[in-house]
2 protein chains.
Amino acid sequence: MELLDADFVTTDPAILETYRYDQAGFCTAGTPLALARPRETAEVARVLRFAHENRIPVVPQGARTGLSGGANAVDGAILLSLERMDRILEVDLDNHTATVQPGVINSVLSRAVAEHGLFYPPDPGSWEMSTIGGNVATNAGGLCCVKYGVTSDFVRELEVVLADGRVLRTGRRTAKGVAGYDLVRLMVGSEGTLGVVTEVTVALRPSAEKPLTALAFFAASRDACTTVSEFLGTGRRPSILEFMDRPTVEAVSAYRDLGFPPGVEAVLVVQSDRGAAAADDLEAFAKVARSCGATEVLVASDPAEGELLIEARRLVGIALEKLGDRLIDDVCVPRSRLAEFVDGVAAIAAEYGVDIPCCGHAGDGNMHPNVVFDGSDPDSVLRGQSAFDAIMALGLRLGGTITGEHGVGMLKRAWLETELGEVGLSVHRAVKRALDPLGILNPGKVVRLPGVD
Amino acid sequence: MELLDADFVTTDPAILETYRYDQAGFCTAGTPLALARPRETAEVARVLRFAHENRIPVVPQGARTGLSGGANAVDGAILLSLERMDRILEVDLDNHTATVQPGVINSVLSRAVAEHGLFYPPDPGSWEMSTIGGNVATNAGGLCCVKYGVTSDFVRELEVVLADGRVLRTGRRTAKGVAGYDLVRLMVGSEGTLGVVTEVTVALRPSAEKPLTALAFFAASRDACTTVSEFLGTGRRPSILEFMDRPTVEAVSAYRDLGFPPGVEAVLVVQSDRGAAAADDLEAFAKVARSCGATEVLVASDPAEGELLIEARRLVGIALEKLGDRLIDDVCVPRSRLAEFVDGVAAIAAEYGVDIPCCGHAGDGNMHPNVVFDGSDPDSVLRGQSAFDAIMALGLRLGGTITGEHGVGMLKRAWLETELGEVGLSVHRAVKRALDPLGILNPGKVVRLPGVD
Ligand SMILES: Cc1cc2nc3c(=O)[nH]c(=O)nc-3n(C[C@H](O)[C@H](O)[C@H](O)COP(=O)(O)OP(=O)(O)OC[C@H]3O[C@@H](n4cnc5c(N)ncnc54)[C@H](O)[C@@H]3O)c2cc1C
Ligand SMILES: Cc1cc2nc3c(=O)[nH]c(=O)nc-3n(C[C@H](O)[C@H](O)[C@H](O)COP(=O)(O)OP(=O)(O)OC[C@H]3O[C@@H](n4cnc5c(N)ncnc54)[C@H](O)[C@@H]3O)c2cc1C
């Protein structure tokens, strides 16, 4: 097969092996046929044309930091890694946009534009590793979404290689535009199932001011959740508003002693980057928190002290990693239901006999319960999986969604069908069929096409 | 035909006649078969099922304030007016959302939520007349988009009746969510060609502070455009940033003498609603404007005085109406190209011998050149149409789009094909076919399906 001889393609099994998985738990991966690492759009198009003619599955890959198995290999597939397409093509200082290839790492873009006094807000926890293409394909969120929005709010124009190898340009560089259907938004979050993103133009903002930070401690997680609702109800827009429950705080404290007071059931971390008005925002936050029963509120007096306070949130990932195998959930609920959700997760932990430290982007109602289990113990695995399912059922019952930011991939495909319902699922399939009639793009992820994959 | 006997359907030609047109110039309308004015989703579904079975075109209609012929009748079609579905179903004070039927008028919703200290930002000039369903279907913008975004930025969940009468619920009420494809964004702006919107949940914000206003006068429109770029470059977020050229100012002054200084070539109107920081924003604006050559800057000392200043912008619509027949364009360009665009429009006016007062949402690069012509003079009509075409060609040449907010409808369908290009057009058709295989939904608008309409 002619494509397999191309200099950007390898079939070396040892190399293929290292590209089979993303970071999701509980997801299987097939045995791929080859790995393509194109350097330009024409090479991507060549892969797709070949795959289309030969009905070979293609799995697009960014940095494989995904948490839902979306980038996992499929049997007989070409893994299409965009990592070598890593050039920043343009930073437009007049119009505040940047145009990049999909393999550019989020932090590389963020730092490059910061040099010009500009700011690319979407900041997934994986920002030092994940690619803009992956962020677009998953519609990644992050800490500062609560104020600035998610990836889709910043994507203006895309170049996409379609399933048959044709190259689509869609969207526009202008601030507004309604010419035709919003194919940009259709592609964003489609997890490599509708096309391969080969160029992205994002909107930038002028740099924000350095944030000020506050921490509030609560003796009941319900009080923390009420604080979230009431504080946002005042109309203030914090740039970060994060929640940590007791098991999360304990894990962080075990990893590094931050001198937290004893008896803490929940912590909120809040930042404001409104410059001169930031202190006022935090003052307002402290007032709301105290009136909701906070046992203590610490307000940093300057950005440097704030860095110490936010450290607790930053350490969550690494601290939880020490606990064992984890299945990280990302259910999102209306913020008025946060307290019920947090209580419900604690009840699920008790019911299934697993630890589920729960933290997350409370300002958006987007929580990360981390189901901890022992992968070497089949019973523990089973209980972990059951707890994970129970959490999604809880999220849906509270009017929420099964995934606020990590995507469906393989992990949540069955649950997606429940969330969408019959009509929703059938429209999803119709759209998938319209763009990928042979079902070669990332088959088995997000939605299955009956009779095709 | 059984549907035609339903109590919400009429075939009275006199009534039908009054529902044939929206507000667009240069657009034809066919002779409809019937007018359906359902009061509930089940009735909408009944219309669509009937239309689907009998292959009858359906034209969804809101308040018919559209400016692109999108709601115009098609021969033999059922006009499906949503005006009677005009109930506000819920205002959720905890989660800051509102759920409405599609026929609710924008201003009715805005005022209803304002009573609760909440704010629905999308504010098209037609807000006292147009419906939320129409706003959703066109992805309407308005004056305060420059700060708050357009309709699509506020739509969370939709109920949509599909071409075959099935009822789709899509999206979610949570602040974030990535479960499946973004069908909400696909429906928003699809101008009634992919489905009929029967329920909308929008996000609200806490009420903004009363704005402060400033006006800046310029002896050259180029200086006004530079001011726009430089002011936004400082990172300030005005809640309004509007431009008027000399012909616009003259029309307004002819309608009502606002005591503007003589020799004005361009005016910028700016507002900030940042409360205590608003005065500082306007100070910064005044400084930038002066450094860019403004001949005079007026800063209102309180909101009431500001109301007087913004009056000039408010009168533009009615003042231009007095000039004769008009074709209102809404090309959007990257803001760095604004000056070229404004100069280009003046050159087109000279070339075709027509007046083209030009105003618009300068902060977004979204301009409204108003081509004035005499509808009773075929030569004037022809020159008007040619000028209109030349403006769209200019917009595309400057990296812009043919429509920033009014949509494609019938008026810009040919130009849409140019903007999308061959691949883009074919993907549009594939999506249309996936959702409306018989092509009964608003045929002849936005995209044609070859062989079907
Ligand atoms: C420590 C850690 C923290 C994280 N924090 C967050 C967080 O805060 N918020 C959040 O949203 N996510 C988070 N994630 C999840 C993950 O980082 C994001 O989903 C990220 O956007 C994936 O980017 P990637 O480049 O690694 O893509 P991959 O994992 O390689 O791919 C993700 C999906 O996108 C598809 N894809 C990738 N590139 C393309 C392309 N160019 N064209 C088409 N499809 C493509 C793949 O097929 C796959 O379905 C975190 C992950 C880790 C490990
Ligand atoms: C004075 C004036 C000022 C204006 N200012 C602005 C402005 O600032 N910004 C702006 O964006 N527009 C503006 N417009 C244009 C117009 O008001 C908007 O496009 C508005 O959103 C149309 O709403 P409507 O209810 O009148 O819809 P209609 O004109 O009845 O319909 C518009 C389109 O939407 C479809 N549609 C309507 N309802 C539904 C539904 N429920 N489901 C599916 N499809 C539907 C129709 O088929 C049609 O294609 C202005 C118009 C006027 C007359």
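Since the structure is predicted, the reported quantities are computational estimates derived from the model, not experimental observations. (Residues numbered from 1 in each chain as written. Chains lettered and ligands numbered in written order. Predicted model: local features only at pLDDT ≥ 70, side-chain atom pairs only at ≥ 80, totals over all residues. Heavy atoms only, no water.)

**A look at the site of ligand 2**
All names here are of chain B. Rules: Neighbouring residues are identified by heavy atoms, a residue being near a molecule or strand if any of them is within 4 Å of it. Any pair of nitrogen or oxygen atoms within 3.5 Å is treated as a polar contact; in protein, a donor-acceptor pairing is required on top of that, and neighbouring residues in sequence qualify only through side-chain atoms on both sides. Per-residue and other accessible areas follow the Shrake-Rupley method at a 1.4 Å probe size, with only the shown protein chains counted as cover for residues. Runs of E in the DSSP output that reach at least two residues are strands. Runs of H or I that reach at least four are helices, and both are numbered from the N terminus.
Among the 33 residues in the neighbourhood of ligand 2, the closest are listed as Pro60, Gly62, Thr65, Ser126 and Thr131. Contacts to ligand 2 include glycine 66, whose backbone N or O atom sits 2.8 Å from an oxygen atom. The fraction of the free accessible surface of ligand 2 (970 Å²) that becomes covered by protein chains is 91%. For the shell around ligand 2, the elements supplying multiple residues, two or more each, are strand 3 (58-61), helix 4 (132-138) and strand 10 (196-203).

**Digging into the pattern of salt bridges**
Let me state the cut-off plainly: One speaks of a salt bridge when a side-chain nitrogen belonging to Lys or Arg is within 4 Å of a carboxyl oxygen belonging to Asp or Glu.
Taken as a whole and assessed by the stated rule, the structure comprises 67 salt bridges over all chains. Arginine 236 of chain A is paired through a salt bridge with aspartate 280 of chain A; the nearest N and O atoms lie 2.9 Å apart. You can see arginine 236 of chain A sitting in the loop between helix 7 (221-233) and strand 13 (240-245) and its partner aspartate 280 of chain A sitting in helix 9 (residues 278-291), a full 44 residues away along the chain. Its salt-bridge partner being glutamate 417 of chain B, residue arginine 429 of chain B comes within 3.9 Å of it at the nearest N-O pair.

**Let's talk about the relation of the copies chain A and chain B**
Inclusion rule: Least-squares superposition of the copies uses the C-alpha atoms of those residues scoring a pLDDT of at least 70 in each of them. Note on definitions: a residue-residue contact is assigned when non-hydrogen atoms from the two residues lie within 4.5 Å.
For these two chains of identical sequence, chain A goes onto chain B by a turn of 180° and a shift of 0.0 Å along the axis, with RMSD 0.0 Å. When the rotation and shift are considered jointly, the pair of chain copies conforms to a two-fold rotation axis. Mapped onto chain B, 100% of the interface residues of chain A again fall at the interface, so both copies present the same surface.

**Considering the packing of helix 7 (residues 221-233) of chain B against helix 9 (residues 278-291) of chain B**
All names here are of chain B. Our working definition: What counts as an axis is a line fitted to C-alpha atoms, over the stretch in contact for a helix, and the angles between N-to-C directions run from 0 to 180 degrees. Working definition: roughly parallel below 35 degrees, roughly antiparallel above 145 degrees, roughly perpendicular at 65 to 115 degrees, and oblique for all remaining angles. Two helices cross in a left-handed way if the nearer one is turned anticlockwise from the farther one by less than a right angle. They cross in a right-handed way if the turn is clockwise. Here the term charged refers only to Asp, Glu, Lys and Arg, the term nonpolar to Ala, Val, Leu, Ile, Met, Phe, Trp, Tyr, Cys and Pro, and the term polar to all other amino acids, Gly among them.
For the pair helix 7 and helix 9, interaxial distance at closest approach is 9 Å and the crossing angle is 135°. As far as their axial angle goes, helix 9 and helix 7 are oblique. Regarding helix 7 and helix 9, the two cross each other, and that crossing is right-handed. Only Asp281, Ala284, Phe285, Val288 and Ala289 of helix 9 make contact with helix 7, whose side of the interface consists of Thr227, Glu230 and Phe231. Looking at the contact of helix 7 with helix 9 residue by residue, the classes come out as five nonpolar, one polar and two charged.

**Describing the packing of helix 13 (residues 378-397) of chain B against helix 14 (residues 413-435) of chain B**
Residues and elements named next belong to chain B. Interaxial distance between helix 13 and helix 14 falls to 11 Å at its minimum, and their mutual angle equals 15°. Accordingly, the angle class assigned to the pair helix 13 and helix 14 is roughly parallel. Remark: the crossing between helix 13 and helix 14 carries right-handed chirality. The residues of helix 14 that touch helix 13, namely those facing Asp389, Met392, Ala393 and Leu396, are Trp415, Thr418 and Glu419. Partitioning the contact of helix 13 with helix 14 into residue classes produces four nonpolar, one polar and two charged.

**Some thoughts on the packing of aromatic side chains**
The cut-off we apply is this: To pair, rings of Phe, Tyr and Trp, with the six-membered ring standing in for Trp, must have centres within 6.5 Å; the planes then decide the type, stacked if under 30 degrees apart, edge-to-face if over 60, and tilted in the middle. For the exposure calls, accessible area comes from a 1.4 Å probe over protein chains only, and a residue counts as buried if that area is under 20% of its type's maximum, exposed if over 50%, partly exposed in between. Note on criteria: charge over ring means Lys NZ or Arg CZ within 6 Å of the ring centre, with the direction from the centre no more than 35 degrees off the ring normal.
Evaluation of the coordinates by the stated rule reveals ten aromatic pairs over all chains. Both rings, one in phenylalanine 119 of chain B and one in tyrosine 148 of chain B, keep their centres 5.1 Å apart while their planes meet at 85°; by these two values the pair is edge-to-face. On the criterion of sequence distance, the pair formed by phenylalanine 119 of chain B in strand 7 (residues 118-119) and tyrosine 148 of chain B in helix 5 (residues 145-148) is long-range, its members being 29 residues apart. Assigned by exposure class, phenylalanine 119 of chain B and tyrosine 148 of chain B land together as buried. Ring centres of tyrosine 120 of chain B and phenylalanine 154 of chain B lie 6.2 Å apart, and the angle between their planes is 75°; on these two criteria the pair is classed as edge-to-face. Residue tyrosine 120 of chain B is found in the loop between strand 7 and helix 4, and its partner phenylalanine 154 of chain B is found in the loop between helix 5 and strand 8 (155-161); the two are separated by 34 residues along the sequence. The two residues tyrosine 120 of chain B and phenylalanine 154 of chain B agree in class, both being buried. In this structure, arginine 64 of chain A packs its charged tip against the face of tyrosine 19 of chain A, placed 4.5 Å from the ring centre.

**Side note on the sheet that holds strand 8 of chain B**
Residues and elements named next belong to chain B. Note the cut-off: A pair of strands is considered paired only if DSSP assigns at least 2 bridges between the two.
In spatial order, the strands read 5-6-10-8-9; together these five strands make up an open sheet with antiparallel pairing. On the outer flanks of this sheet lie strand 5 (88-92) and strand 9 (167-171), each paired with one strand and no other. The sheet shows a mean angle of 10° between the axes of neighbouring strands, taken without regard to direction. When strand 6 (residues 97-100) meets strand 10, the two strands line up antiparallel, connected through four bridges. Its bridge partner lying in strand 10, alanine 98 is registered against valine 202. Most of the contacts of helix 3 (residues 106-114) go to strand 5, to which it runs at about 35°, and overall it touches strand 5, strand 6 and strand 10.

**Quick notes on the site of ligand 1**
Residues and elements named next belong to chain A. In the region of ligand 1, 33 residues are neighbours, and Pro60, Gly62, Thr65, Ser126 and Thr131 sit closest. Here an oxygen atom of ligand 1 sits 2.9 Å away from a polar atom, N or O, in the main chain of alanine 63. Contacts to ligand 1 include threonine 65, whose side-chain N or O atom sits 2.6 Å from an oxygen atom. Against a free-state accessible area of 980 Å², the protein chains account for coverage of 91% of ligand 1. The set of elements that each furnish at least two residues to the shell around ligand 1 consists of strand 3 (58-61), helix 4 (132-138) and strand 10 (196-203). For the shell around ligand 1, the element with the highest residue contribution is helix 4, accounting for five residues. Of the residues belonging to the shell around ligand 1, the class tally is eleven nonpolar, 19 polar and three charged.

**Remarks on the nonpolar core**
The condition is simple: Joining through side-chain atoms within 4.5 Å is the link that ties buried Ala, Val, Leu, Ile, Met, Phe, Trp, Tyr and Cys residues into a set, and such a set is a nonpolar core.
Residues Leu158 of chain A together with Leu158 of chain B are the most contacted members of the largest nonpolar core, which totals 190 residues. With residues near it in sequence (within four places) discarded, leucine 158 of chain B still touches Val136, Leu168, Arg169, Thr170, Val184, Met187, Val188, Val197, Glu199 and Val200 of chain B.

**With respect to the interface of chain A and chain B**
Definition in use: Throughout, the accessible surface (probe 1.4 Å) given up by two parts as they are put together, summed over both, is called the buried area.
Chain A puts 71 residues into the contact, and the matching count from chain B is 71 residues. In this assembly, chain A packs against chain B so that about 5,200 Å² is buried in total across both faces, 62% of it on carbon and sulfur atoms. The largest contributions to the chain A side of the interface with chain B come from Lys176, Val178 and Tyr181 of chain A, which together make up 18% of the buried area. Counting across the chain A and chain B interface gives six salt bridges. A salt bridge links aspartate 153 of chain A to arginine 185 of chain B; the nearest nitrogen and oxygen atoms lie 3.9 Å apart. Run the count over chain A and chain B and you get 20 residue pairs in polar contact (both at pLDDT 80 or more). Of all the secondary-structure elements, those providing two or more residues to the side of chain A that touches chain B are strand 9 (167-171), helix 6 (183-187), strand 11 (205-206), helix 7 and helix 14 (413-435) of chain A. When residues of the side of chain A that touches chain B are assigned to their parent elements, the largest contribution, 13 residues, is made by helix 14 of chain A. For the side of chain A that touches chain B, the per-class residue count stands at 29 nonpolar, 27 polar and 15 charged.

**Regarding the domain arrangement of chain A**
Rules: Start and end points for every domain follow an automatic or database-based domain assignment.
The domain architecture assigned to chain A consists of domain 1 (2-81), domain 2 (88-206), domain 3 (212-317) and domain 4 (323-397). For domain 2 of chain A versus domain 4 of chain A, the distance between C-alpha centres works out to 30 Å.

**Here we look at the environment of aspartate 92 of chain A**
Residues and elements named next belong to chain A. Residue placement: aspartate 92 occurs in strand 5 (residues 88-92). Residue class for aspartate 92 comes out buried when judged on its relative accessible area of 16%. For the pair aspartate 92 and lysine 445, spaced 353 residues apart in sequence, the C-alpha to C-alpha distance is 35 Å. Side-chain polar atoms of aspartate 92 contact the backbone nitrogen of aspartate 94, separated by 3.0 Å.

**Some thoughts on the pairing of strand 8 (residues 155-161) of chain A**
Residue and element names in this part refer to chain A. The element strand 8 is largely enclosed, with a buried count of six among its seven residues. Sheet analysis places strand 8 next to strand 10, joined by six bridges and oriented antiparallel. From the neighbouring strand, glutamate 159 faces strand 10, where its bridge partner is glutamate 199. Counted between consecutive antiparallel strands, the loop separating strand 8 from strand 9 contains five residues, among which glycine 165 sits at a positive phi close to 95°.

**Quick word on the environment of glutamate 321 of chain A**
Residues and elements named next belong to chain A. For glutamate 321, the position within the fold is in helix 11 (residues 316-321). You can call glutamate 321 exposed: its relative accessible area is 54%. Along the primary structure glutamate 321 and asparagine 370 are separated by 49 residues, whereas in three dimensions their C-alpha atoms are 9.7 Å apart.

**Brief notes about helix 2 (residues 41-54) of chain B**
Residues and elements named next belong to chain B. Stated formally: Take the residue count of a helix, subtract one, and multiply by 1.5 Å to get its expected span.
End to end, helix 2 covers 20 Å across 14 residues, agreeing with the expected 20 Å (1.5 Å per residue, within 8%). Listed in full, the buried residues belonging to helix 2 are Thr41, Glu43, Val44, Ala45, Val47, Leu48, Phe50 and Ala51. Where helix 2 is buried, its residues contact strand 2 (34-36), strand 3, strand 4 (78-81), strand 8, strand 9 and strand 10. Two residues or fewer past helix 2, arginine 55 is found with a positive phi of approximately 50°.

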